Every structure is written in C-alpha cells, then in structure tokens.
Amino acid sequence: MKIPQNRLDREFYRHQKEYERKALEVLRSGWYVLGGEVKAFEEEFAAFVGTKYCVGLASGLDALWMSFRALGVKEGDEVIVQGNTYIASVMGITMNGAKPVFVEPNSYYNMDVDKIEERITKRTKAILVVHLYGQAAKMDKIVELCKKYQLFLVEDCAQSHGASFQGRMTGSFGEIGCFSFYPSKNIGGFGDGGAIVTNVESIYKEMRIMRNYGSEKRYYNKMVGTNSRLDEIQAGLLRVKLCHEKELTKERQDIARMYLTGICNESILLPEIEKGATSVWHQFVVRCKRRDELQKYLEKNGIGTIIHYPIPPHLAEAYEYLGFGEGDLPVTEEYGKEVLSLPMFSGMHTKEVEEVIEACNRFS
Ligand SMILES: *Cc1c(COP(=O)(O)O)cnc(C)c1O
C-alpha cells in the first residue's frame, strides 16, 4: 500500500521535539496519574470548547456511559441516537440499561432532525447527537426539541474536535460533551484517553468523583465509581497537540477542498456541508453504488480505504436482543453498503491527494 487510509507517524515527526520533551518531563516528574498535566489540559480543553469545566477520563466510551449515569439515565429510559454511528455511542446508552431509539441520518450523515420528534415518548430522557465524520449536526433544531420536551442533550464529539455550528463549538450545546482522544481522532493522544466538558457544576463534581472510585478524599468513597483516569503522559502530549489544533484542522480542510474540487466521477457521491455547520473532516466519506468494486480498484492502485461502518449498531450481533432486523432502518443500512472513507491524515502530501483524486476519476 503506497497511500494508507490513515497514518499517525507523520504528525508525530513534525512535532517530534515537542512531544519528546514533554514525555521526558513527565517521566522525570515522578507523578504519573491525575496530576498537574491533567489539570492543565482540562483547563485548556474547556477553554478550547468554550465550556466552564472539563474532566479527563480514560476513553471516549467512558465519557459516554459515565455521562448517562451522571444524568440518571437507567433501565426503562430511552435515549434517541442516530442509526449510523460507531457502536460506542450506543454502548454508552445500553451500559446503563437504557434503550437506544434510532433515528435515520440525513444526507450529511448526521441525525435527521425532522425525524426526531416522532420518536419521542414518555420514556425518552435524552438525545445523543453524534457529529459524525467531523461535521457538526444541525444543533439549533436539536436544542429546541430538547427544551420543548425537557430532554437532556449529550453530544458525542469523538470525531468533531473543533467543529462548530453557527459559530458555537460542538460539545458546548447540551448538558455534556463527550470526547475521545484515541490516537486516530483529530486530537489524538498516544494511547487511550477521553474527556467530558460541561457548564453544569454538579455534573463536573460528580464526574471527578466517579472517575476515581467515587472518592474525593483518598479512602473516603461517596459512591460506587469506576477507574477512568487520564494519565499524565497522555495529558501532557495532548496539551502539545492541542497547541497545534488550528494547523491540524486547516490541513484536513485543505485536503478535503482538494478532494471536493478534484474528484469528478458520476458514480462517486461527494460529501456536503450543511448551512451553518463546519467540518473538521475526521473522515472524508464518499458514497458509491458499487462501493466494494471501488474499494478493490483503489486498493489495486495502492490506495487504502476504510468503511465507517459496514454493520450499523442495530444489526450488530451484540444488539440482537433489541430485536431489529434488516430493513428497519433503510437509510442507515443503505449508507452502510455505500460509504467509503478515502485517505485523510495529518501530513498527507499534496502529491498523494492528487494520486487519490486521479485514481477516483479513472474508476469506471
Ligand atoms: C471513537 C469513537 C468513540 C469511542 O471512543 P474511544 O476512546 O475509542 O472509547 C465514540 N463515539 C464515536 C463516534 C467514535 O468515533
């Protein structure tokens, strides 16, 4: 493979000195979990999103399930979520015993806001909006619905660090914004990591306790918590990465612009951006009726691609017990058969982008 779908080393080498300096600094400090680096990162990340608080956690999935737990979402409750998401979004709901209620996506791959209201019942407690592939969802309508029906709003921002809707950052619209810093995310660490952001002081306080065995003061446990602590090295390295966020996002937006202007093939449907929204292009996702053929063709031409995601959560073996079958979410299922993510990563050379464009245009 000459051009992989993703590679993480180029960005590391570009800022190698800064990362190595920070890693050594933490190693030499003698303090490795929940210390000064985590505290500083939490402050910097909250400022970046535009919220009052941030709590560093061990993963994006933890951010999701701990959020619903902090909001009191439990067995018998329903949470509305889009059908076409990474399965972690759904697990965040079901780990608390609550039921996911799926809404079909629109042509921007985000929750179709016109199909939410019909799914709201007496049991609905929250809406989990996923800013998929890096594009902010249509938040004005979703915020309005949450107000009207008194629902909690939780945002899955694992793919949308820095994306905004009408000038406001994803993660700052609802009660809680959930982030992942898994290495392949736009702001990714060098291992696992996650965080929640919030403006609600009580949620902030509860999360800080929950992540550390339910204890504020050592050996005094107020609740049955969990171990979901962000470590010092990850926090330190994430601080370095956060400093470069503008440059990293612009780089992805430049690659996307080249793809959007360069790819011209009747059988390849290009992504679009909704009015008011921005995308940080976590993935550049095209659609093609002969998707598997296109993927094989590109592979033969040395170009790696990935399908995000081939099996929608409602059809996953893990969720057999929910009782869904093929045909229950036709739009979601159609996308699952047609989407393909082209190469998109920090440090991708213009020549490589051009090679992908030419290969796409040759496909017939
Ligand atoms: C990556 C991802 C998650 C989970 O994050 P982890 O840190 O891997 O647990 C959740 N939701 C979405 C949409 C993701 O892309």
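Anyway, here's the lowdown on the structure attached to this text. Just so it is clear, the model here is predicted, and its values are computed rather than measured.

The next point concerns the overall build of the protein. A count of helical and extended segments in the protein gives twelve helices and 13 strands. For the protein, the C-alpha radius of gyration of 20 Å lies close to 21 Å, the compact-globule estimate for 364 residues. Projected onto the principal axes, the alpha-carbon positions of the protein cover approximately 65 × 55 × 35 Å. Sequence-distant contacts, at least 24 apart, represent 70% of the contacts inside the protein between residues at least 6 apart. For the protein, the computed accessible surface area is about 16,500 Å², with 51% contributed by carbon and sulfur atoms.

Residues Lys99, Arg119, Lys122 and Arg123 make up a contiguous surface patch of positive charge. Tracing the sequence through the fold places arginine 123 in the loop between β3 (99–103) and β4 (124–130).

Further remarks concern the sheet that holds strand β1 (residues 53–57). Pairing is mixed across the open sheet formed by seven strands, whose spatial order is β1-β9-β8-β5-β4-β2-β3. The open sheet terminates on both sides in strands that have one partner only, identified here as β1 and β3. Across the sheet, the mean angle from the axis of one strand to that of its neighbour is 25 degrees, orientation sign disregarded. The sheet contact formed by strand β5 (residues 152–156) and strand β8 (residues 176–180) spans three bridges and is parallel. Paired with valine 154 across the bridge in β8 is isoleucine 176. Along the sheet, helix α3 (residues 36–49) makes contact with β1, β8 and β9 (194–198), crossing β1 at roughly 125 degrees. Helix α5 (residues 87–94) rests against β2 (78–82), β3, β4 and β5 of the sheet, and its axis sits at about 140 degrees to β3.

In this section: the nonpolar core. Counting residues in each nonpolar core, the largest one holds 61 residues, and the members touching the most others are Tyr259, Phe284 and Leu342. With six residues, helix α4 (residues 60–70) is the single largest residue contributor to this core. Contacts of phenylalanine 284, omitting those with residues within four sequence positions, involve Ala256, Tyr259, Leu260, Ile263, Leu270, Pro271, Leu340, Ser341, Leu342 and Met344. Counting residues in each nonpolar core, the second largest holds 20 residues, with Met111, Val113, Val129 and Ala277 among its members.

Taken together, 13 residues surround the ligand, and among them Gly60, Asp156, Gln159, Ser180 and Lys185 come closest. Leucine 61 has a polar backbone atom sitting 2.9 Å from an oxygen atom of the ligand. Contact between the ligand and aspartate 156: a nitrogen atom at 2.8 Å from a side-chain N or O atom of the residue. Contact with the protein chains removes 91% of the 380 Å² of surface that the ligand exposes when unbound. Put simply, the ligand lies in the second largest pocket. Residue contributions to the shell around the ligand peak at three residues, all from α4.

Following the criterion strictly, the structure yields three cavities of 30 Å³ or more and no others. Forming the walls of the largest cavity are 13 residues, and the residues nearest its centre are Asn84, Tyr133, His308, Tyr309 and Gly336. Looking at the lining of the largest cavity element by element, the count peaks at three residues for helix α11 (residues 330–338). When its residues are assigned to classes, the lining of the largest cavity shows eight nonpolar, five polar and no charged. One number sums up the size of the second largest cavity: a volume of about 80 Å³. If you go around the second largest cavity, the residues you meet are Tyr108, Tyr109, Leu132, Tyr133, Gln135, Pro271, Glu272, Ile273, Ser279, Trp281, Gln283 and Val285.

Once that is clear, we can look at the pattern of salt bridges. Oppositely charged side chains can pair when the atoms bearing their charge come close. If you walk through the whole model with that rule in mind, you get 28 salt bridges. One salt bridge connects glutamate 216 with lysine 222, and the closest N-O pair in it is separated by 3.3 Å. The salt bridge partner of glutamate 293 is arginine 290, with a shortest N-O separation of 3.0 Å. Taking relative accessible area as the criterion, glutamate 293 reaches 45% and is therefore assigned partly exposed.

Rules used throughout
Residues numbered from 1 in each chain as written. Predicted model: local features only at pLDDT ≥ 70, side-chain atom pairs only at ≥ 80, totals over all residues. Heavy atoms only, no water. Helix = DSSP H or I, 4+ residues; strand = E, 2+ residues; numbered from the N terminus. Rg over C-alpha atoms; globule rule 2.2 N^0.38 Å. Contact = heavy atoms within 4.5 Å. Areas by Shrake-Rupley, 256 points an atom, 1.4 Å probe, with all protein chains shown as cover. Patch = residues over 30% accessible without salt bridge, like charges linked within 9 Å, V, L, I, M, F, W, Y side chains within 5 Å. Salt bridge = Lys/Arg side-chain N within 4 Å of Asp/Glu carboxyl O. Lys, Arg positive; Asp, Glu negative; His and termini not counted. Charge placed at Lys NZ, Arg CZ, Asp CG, Glu CD. Pairing = 2+ DSSP bridges. Axes fitted to C-alpha atoms, helices over the stretch in contact; angles between N-to-C directions. Core = buried A, V, L, I, M, F, W, Y, C linked by side-chain atoms within 4.5 Å. Buried < 20%, exposed > 50% of the residue type's maximum accessible area, 1.4 Å probe, protein only. Near = heavy atom within 4 Å. Polar contact = N/O pair within 3.5 Å; in protein donor to acceptor, adjacent residues only side chain to side chain. 1 Å grid on protein atoms, 1.4 Å probe; cavity = no way out; pocket = protein on both sides within 12 Å on 5 of 7 lines; lining within 4 Å. Sits in = over half its atoms within 2 Å of the grid points. Points joined across faces, edges and corners; volume = space filled by probe spheres on them. Nonpolar A, V, L, I, M, F, W, Y, C, P; charged D, E, K, R; others polar.

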